[in-house]
Amino acid sequence: MRTVTRVSQLTLAAALGLSLAACGSSSSSGSSAPASAGASGGSGSSAGPSAGGSSSAPSAATSAATSGSAQAGVPDATTLVHRARAAYPKAKSAHLHIKINDASQNETIDIKGNIAGTNQEVQLAEAGKGSATLRTVSGKTYIKADRKFWTTSGGLPANVAAKTADKWIISPPSASKQFASVTIKNFLDQVLSKDSLSDSDLAKASSTKSSLDGKDVYVITDHSDEGGSLTLAADSTYVLRLLPPDKQRDEGALTMDGWNQQPTVSAPSGAVDPQSIR
């Protein structure tokens, strides 16, 4: 299974590198404000490495299945992933949280809102590079970031970053197009793609039934060279967790909850055009 680290880097490369720079250069004054890295999901769950509201690992109902096998009464890995691919595009909303902590980066990405990303809030934070909040509402993207984020990721001069910090700004159209890739759908498109989960690899994976926070789940364990595990809700096959192999457990984890329970995101009041900041 493709690791979360690789997925997040692919998804955010264009958005962070290009769109924030575009926002800053559209007037040598982009604007924004501090943002916390964790956002709470609409179902009352807080942002963080949790699925179904808890960071505990699923407790296996029986002993782990061997490579390429399915526990008695449990669909095989290929069937489960095909169901998961069909399920998430029909969902209305969800809360996704990614935490990456490896030798090269310490980053969190948190998204809550609808699956397509047309109404959502994204919170980003990276050690040493600051944090930012993005809201997409009615075709517009609003950005609020701290000073460090604007100088490192946005590429703004220190004096301009000082003026833009602590302000919501309206993202220029060119930047908003770049942010369009940062959505729950785009992450799941990659996580569940045939490149990430090929039928040949799934044929070697095992599937077991477990419990997570008192609810039934299916756990697919990848026995290929990439390794890792995928946890799905047993009743809906919605994605709840994607974990790398144990030896890479600290490098990145994707967790989801609050499926079809996220509130509508509103546009921030007082947002300004970056051209108005001098």
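Since the model is a prediction, treat every value here as computed from it, not as a measurement.

1. What about the overall build of the chain?
Here is step 1: Within the chain one finds 7 helices and 12 strands.
Here is step 2: Going through the 278 residues of the chain one by one, you find that 54% of them count as buried.
Here is step 3: Sequence-distant contacts, at least 24 apart, represent 66% of the contacts inside the chain between residues at least 6 apart.

2. Here's the deal with the pattern of salt bridges
Here is step 1: For the structure on display, the rule yields 3 salt bridges.
Here is step 2: Here Glu 121 and Arg 135 are joined by a salt bridge, their closest N and O atoms 2.8 Å apart. Of this pair, Glu 121 sits in strand 4 (residues 120-126) while Arg 135 is found in strand 5 (residues 130-137), placing the two residues 14 residues apart along the sequence.
Here is step 3: Assessed through its relative accessible area of 9%, Glu 121 is described here as buried.
Here is step 4: Here Arg 135 falls in the partly exposed class, since its relative accessible area comes to 21%.
Here is step 5: With a shortest N-O distance of 3.7 Å, Lys 209 and Asp 216 are connected by a salt bridge.

3. Here's the deal with the packing of aromatic side chains
Here is step 1: With the rule as written, the count across this model stands at 1 aromatic pair.
Here is step 2: With centroids separated by 4.2 Å and ring planes inclined at 10°, the aromatic side chains of Tyr 238 and Trp 259 adopt a geometry described as stacked. Taken together, the positions of Tyr 238 in the loop between strand 10 (229-233) and strand 11 (239-243) and Trp 259 in the segment after strand 12 (253-257) put the pair 21 residues apart, joining distant regions of the chain.
Here is step 3: Accessibility expressed as a relative area gives 9% for Trp 259, which makes it buried.

4. Some words on the environment of Thr 151
Here is step 1: Of note, Thr 151 is situated in helix 3 (residues 147-152).
Here is step 2: For Thr 151 and Ala 162, which are 11 residues apart along the polypeptide, the C-alpha to C-alpha distance reads 9.2 Å.
Here is step 3: The residues touching Thr 151, leaving out its near neighbours within four places in the chain, are Leu 156, Pro 157, Ala 158 and Ala 161.
Here is step 4: Within the structure, Thr 151 has its side chain in polar contact with the backbone oxygen of Lys 148 (distance 2.9 Å).

5. Things to note about the confidence of the model for the chain
Here is step 1: Across the chain, pLDDT averages 78, with 72% of residues at or above 70.
Here is step 2: Confidence drops under a pLDDT of 50 for residues 16-24, and excluding neighbours within four residues, the segment shows 32 contacts in the predicted structure.
Here is step 3: Note that residues 26-55 has pLDDT below 50 and, in this model, 117 contacts with residues that lie over four places away or in other chains.

6. Points about the side chain of Ser 93
Here is step 1: Mapping Ser 93 onto the fold places it in strand 2 (residues 93-101).
Here is step 2: Polar side-chain contacts of Ser 93 include one of 3.3 Å to the backbone nitrogen of Gln 261.
Here is step 3: From its side chain, Ser 93 meets the backbone nitrogen of Gln 262 in a polar contact 3.1 Å long.
Here is step 4: Residue contacts for Ser 93: discarding those within four places in its chain leaves Gly 113, Asn 114, Ile 115, Gly 258, Trp 259, Asn 260, Gln 261 and Gln 262.

7. A few points about helix 2 (residues 77-87)
Here is step 1: All of the buried residues along helix 2 are Ala 77, Leu 80, Val 81, Ala 84, Arg 85 and Ala 87. The buried residues of helix 2 occupy an angular sector of 165° when the element is viewed end-on, so they sit on one face.
Here is step 2: Buried-residue contacts for helix 2 involve helix 7 (199-202), strand 8 (206-212), strand 9 (215-221) and strand 10.
Here is step 3: A distance of 3.3 Å separates the backbone nitrogen of Thr 78 from a side-chain oxygen at the start of helix 2, and that oxygen is part of Asp 76.

8. Description of the pairing of strand 2
Here is step 1: Within strand 2, 7 of the 9 residues are buried, which leaves it mostly tucked inside the rest of the structure.
Here is step 2: Sheet topology note: the strand 2/strand 3 (residues 106-114) ladder contains 9 bridges and is antiparallel. Its bridge partner being in strand 3, Leu 96 is matched across the sheet by Ile 111.
Here is step 3: Here 5 bridges tie strand 2 to strand 12, and the two strands are oriented antiparallel to one another. Note on strand 12: the bridge partner recorded for Leu 96 is Met 256.

9. Quick notes on the pairing of strand 9
Here is step 1: Note that strand 8 and strand 9 share 7 bridges and pair antiparallel. Looking across to strand 9, one finds that Thr 208 is bridged to Val 219.
Here is step 2: From the end of strand 8 to the start of strand 9, which pair antiparallel, there are 2 residues, and Asp 213 there has a positive phi angle of about 55°.
Here is step 3: Of the pairings in the sheet, the one linking strand 9 to strand 10 comprises 5 bridges and is antiparallel in character. Bridging from a neighbouring strand, Val 217 pairs with Ala 233 of strand 10.

10. Here we look at unusual backbone geometry
Here is step 1: Even without being glycine, Ser 138 reaches a positive phi, approximately 50°.
Here is step 2: Of note in this structure, Thr 237 is not a glycine but carries a positive phi near 55°.
Here is step 3: Mapped onto the fold, Thr 237 is located in the loop between strand 10 and strand 11.
Here is step 4: Taking relative accessible area as the criterion, Thr 237 reaches 7% and is therefore assigned buried.

The rules we used
- Residues numbered from 1 in each chain as written.
- Predicted model: local features only at pLDDT ≥ 70, side-chain atom pairs only at ≥ 80, totals over all residues.
- Heavy atoms only, no water.
- Helix = DSSP H or I, 4+ residues; strand = E, 2+ residues; numbered from the N terminus.
- Buried < 20%, exposed > 50% of the residue type's maximum accessible area, 1.4 Å probe, protein only.
- Contact = heavy atoms within 4.5 Å.
- Salt bridge = Lys/Arg side-chain N within 4 Å of Asp/Glu carboxyl O.
- Phe/Tyr/Trp six-rings, centres within 6.5 Å; stacked < 30°, edge-to-face > 60°.
- Polar contact = N/O pair within 3.5 Å; in protein donor to acceptor, adjacent residues only side chain to side chain.
- pLDDT = per-residue confidence, 0-100.
- Arc of directions from axis to C-beta.
- Pairing = 2+ DSSP bridges.

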